[in-house]
Amino acid sequence: MPVFTSSIHIFTDGFCDIHNLSAQVESGLKGTKLRHGVAVIFAPGATAAITTIEFESGALKDFEAAIQKFAPEGIHYHHDSRWHDGNGFSHVRAAFLGPSVSVPFDAGKLLLGTWQQIILVDFDNRPRHREVIFQFIGN
Amino acid sequence: MPVFTSSIHIFTDGFCDIHNLSAQVESGLKGTKLRHGVAVIFAPGATAAITTIEFESGALKDFEAAIQKFAPEGIHYHHDSRWHDGNGFSHVRAAFLGPSVSVPFDAGKLLLGTWQQIILVDFDNRPRHREVIFQFIGN
Amino acid sequence: MPVFTSSIHIFTDGFCDIHNLSAQVESGLKGTKLRHGVAVIFAPGATAAITTIEFESGALKDFEAAIQKFAPEGIHYHHDSRWHDGNGFSHVRAAFLGPSVSVPFDAGKLLLGTWQQIILVDFDNRPRHREVIFQFIGN
């Protein structure tokens with residue numbers, strides 16, 4: 001059974017910058033010619049995360065507001081006292097959300113819901129050049 | 001290496017309605033005759049999530065209370081202002097929890113802990129007819 | 001395509017005790033001689049979780065503080081009223097964080113970020129002897 005591993009590169013703004021990856025994952029899958037299997041989408045890095053959401057501006061703002069309440073900017077973080085890079089909140093958010101999502105595909109299509117998109121969330125406190133790994137395993 | 005993809009259908013009540021999927025995943029696995037590999041359980045849709053928990057009423061209520069505190073009903077959501085479907089809280093909760101869990105199996109059995117069950121959590125604000133994808137990859 | 005399933009055993013202190021698993025996962029992967037595929041790291045049990053973080057003491061303390069705020073010790077849990085084992089907060093935290101992470105590997109190396117480590121978080125309220133499953137699928 002073949003394994004296809006590729007990556008895309010994205011310039012992000014940080015501060016909960018959210019990118020819709022669905023079209024690129026679909027396109028990567030199509031390139032593999034696989035029909036049945038699983039897509040693993042993975043963010044290498046300790047201040048970004050992958051999940052799914054309905055990609056519309058209201059839900060994205062609500063998501064950001066809930067994250068902001070969960071691990072606010074502007075409170076004390078031990079990470080910042082030690083490293084002075086000011087992104088303690090980014091680390092906490094990314095660890096909580098997690099770096100990967102696994103999406104099954106069948107008949108060559110991702111089995112996402114109609115309004116469900118795969119997103120990269122960059123929680124860092126500065127613009128970043130991000131790599132995201134796409135891996136397709138199947139046949 | 002074979003890939004088996006199937007789905008089950010569940011009628012849910014919404015509002016953090018939690019369903020124990022473990023028996024159905026075990027039974028789906030048995031049907032494949034696979035011995036070693038991974039089960040991916042995936043909820044297509046932007047207002048449901050998959051995780052594991054000890055499926056007893058106390059822990060389920062505690063889980064719901066924590067979620068309610070994290071992303072309450074009854075506060076302002078941008079999603080609701082725009083779409084008027086009143087389920088902004090559902091989107092935030094589902095995105096945070098995530099749509100899938102991957103559970104290894106060996107000797108034909110899921111490697112879950114003794115008190116650990118796989119659950120579907122429906123966060124929507126109305127009854128739904130849900131599909132859940134089971135995918136088994138292995139040999 | 002081969003599947004390799006193994007496990008490690010760890011003595012933990014509970015109460016958000018965090019263990020860095022990256023070296024052991026890398027070493028397990030090396031033992032399989034696989035080059036391309038996915039590593040699934042899974043915690044069997046309803047009071048532990050797996051995620052990734054920058055494993056430095058500041059970020060770990062910040063993570064623990066955010067979890068403590070999300071599902072505090074010392075408040076009422078229905079689980080505790082029923083079972084009297086006092087670890088209601090552990091169940092809520094573990095369910096929210098999730099039991100597994102999937103990390104792609106290529107050319108025999110995990111595709112983690114430079115500062116990103118795989119961690120086991122033991123949320124229980126007592127020392128535990130934990131098993132963690134490593135599964136490698138690829139070729």
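Visitor: Run through the overall build of chain A, naming residues and quoting values.
Guide: Helix and strand counts for chain A stand at four helices and eight strands. Beginning at the N terminus, the succession of helices and strands in chain A can be written as β-β-α-β-β-α-α-α-β-β-β-β. The C-alpha atoms of chain A give a radius of gyration of 16 Å, which matches the 14 Å a tight globule of 139 residues would have. If you line up chain A on its principal axes, its C-alpha atoms span 50 × 30 × 20 Å. Per-residue burial over chain A gives 54% buried out of 139 residues. Partitioning the intrachain contacts of chain A with sequence separation of at least 6 by distance along the chain shows that 81% fall at a separation of at least 24.

Visitor: Just give me the short version of the relation of the copies chain A and chain B, but keep the residues and values in it.
Guide: The two copies are related by a screw operation: chain A maps onto chain B through 120 degrees of rotation and 0.0 Å of translation along the axis, at an RMSD of 0.0 Å. Such values leave the two copies arranged in the relation of a three-fold axis. Among all residues of chain A, the minimum C-alpha distance to the rotation axis is found for Met 1 of chain A, at 3.2 Å. A different interface surface on each copy is seen, since only 17% of the contact residues of chain A are contact residues in chain B too.

Visitor: Give a detailed account of the interface of chain A and chain C, specifying residues and quantitative values.
Guide: On the chain C side, the residues contacting the 28 residues of chain A number 30 residues. Tallied by class, the residues present in the side of chain A that touches chain C amount to 16 nonpolar, 11 polar and one charged.

Visitor: How would you explain the relation of the copies chain A and chain C if you had to name every residue and give the values?
Guide: Take chain A, turn it by 120 degrees, move it 0.0 Å along the axis, and it overlays chain C with an RMSD of 0.0 Å. Of the residues that chain A buries at the interface, just 18% are likewise interface residues in chain C, meaning the two copies contact each other through different surfaces.

Visitor: Tell me about the nonpolar core, residues and numbers included.
Guide: Grouped together as the largest cluster of nonpolar side chains are 138 residues, with contacts concentrated most on Ala 39 and Ile 41 of chain A, Ala 39 and Ile 41 of chain B together with Ala 39 and Ile 41 of chain C. In this structure Ala 39 of chain A touches Val 25, Leu 29, Val 103, Phe 105, Leu 110, Phe 134 and Phe 136 of chain A, once residues within four positions along its chain are discounted.

Visitor: Please set out the sheet that holds strand β4 (residues 48–53) of chain B residue by residue, giving values where relevant.
Guide: Residues and elements named next belong to chain B. An order of β2-β7-β4 is seen for the three strands of this open sheet, with the pairing classed as antiparallel. Sheet topology places β2 (17–20) and β4 at the edges, where each strand pairs with a single neighbour. Adjacent strand axes in the sheet meet at a mean angle of 30 degrees when their direction is disregarded. Inspection of the sheet shows β4 paired to strand β7 (residues 117–122) by six bridges, in the antiparallel sense. Each bridged residue has a counterpart across the sheet, and for Ala 48 the counterpart in β7 is Asp 122.

Visitor: Which residues make up the interface of chain A and chain B, and what values go with them?
Guide: Note on interface size: it is often stated as the accessible area lost on association of the parts. Listed as interface residues are 30 residues of chain A and, on the opposing side, 28 residues of chain B. Looking at which element gives the most residues to the side of chain A that touches chain B, the answer is helix α2 (residues 57–70) of chain A, with seven residues. Across the side of chain A that touches chain B, the residue classes break down as 15 nonpolar, 11 polar and four charged.

Visitor: Describe in detail the environment of Gly 108 of chain C, supporting the description with residues and values.
Guide: Residues and elements named next belong to chain C. Within the element layout of this structure, Gly 108 appears in the loop between β5 (100–106) and β6 (109–110). Overall, Gly 108 belongs to the partly exposed group, with 15 C-beta atoms counted inside 10 Å. Ignoring sequence-local partners within four residues, the contact set of Gly 108 consists of Leu 29, Lys 30 and Arg 35.

Visitor: Give a detailed account of the sheet that holds strand β7 (residues 117–122) of chain C, specifying residues and quantitative values.
Guide: All names here are of chain C. A sheet is described by the order of its strands in space; here three strands give the open sequence β2-β7-β4, paired in antiparallel fashion. Either end of the sheet is taken by a strand with one partner, and the two such strands are β2 (17–20) and β4 (48–53). Recorded for the sheet is a direction-independent mean angle of 30 degrees between the axes of neighbouring strands.

Visitor: Before we move on, could you go through helix α4 (residues 88–97) of chain B and cite the residues and values that matter?
Guide: Residue and element names in this part refer to chain B. Burial within α4 is extensive, with 10 of its 10 residues counted as buried. Those residues of α4 lying buried are Gly 88, Phe 89, Ser 90, His 91, Val 92, Arg 93, Ala 94, Ala 95, Phe 96 and Leu 97. Just beyond α4, the residue with positive phi is Gly 98, at close to 95 degrees.

Criteria and cut-off values
The residue numbering used here restarts from 1 in each chain and proceeds along that chain's sequence as written. Throughout, the order in which chains and ligands are written sets their labels, letters from A for the former and numbers from 1 for the latter. Owing to the predicted nature of the model, reporting of local features is limited to residues with pLDDT of at least 70; listing and counting of side-chain atom pairs is limited to 80 or more, with chain, interface and lining totals taken over all residues. Under the DSSP-based scheme used, a helix requires at least four consecutive residues in state H or I and a strand at least two consecutive residues in state E, with every element numbered from the N terminus. Both definitions apply: the radius of gyration is a C-alpha atom measure, and the globule rule equals 2.2 Å times residues to the power 0.38. The exposure scheme places C-beta atoms from the backbone and then counts, for each residue, the other C-beta atoms within 10 Å of its own, assigning buried at 20 or more, exposed at 12 or fewer, and partly exposed in between. Throughout, a pair of residues is in contact if the C-beta atoms placed from their backbones lie within 7 Å. The fit set for superposing copies consists of C-alpha atoms from residues with pLDDT of at least 70 in both; the fit itself is least squares. Each residue gets one label: Ala, Val, Leu, Ile, Met, Phe, Trp, Tyr, Cys and Pro are nonpolar, Asp, Glu, Lys and Arg are charged, and the others, such as Gly, are polar. By definition, a nonpolar core groups buried Ala, Val, Leu, Ile, Met, Phe, Trp, Tyr and Cys residues that connect through C-beta atoms lying within 7 Å of each other. Pairing between two strands requires that DSSP report at least two bridges joining them. In this description, a line fitted to the C-alpha atoms serves as the axis of each element, helices being fitted only across the stretch in contact, and the angle between N-to-C directions of two axes falls anywhere from 0 to 180 degrees.

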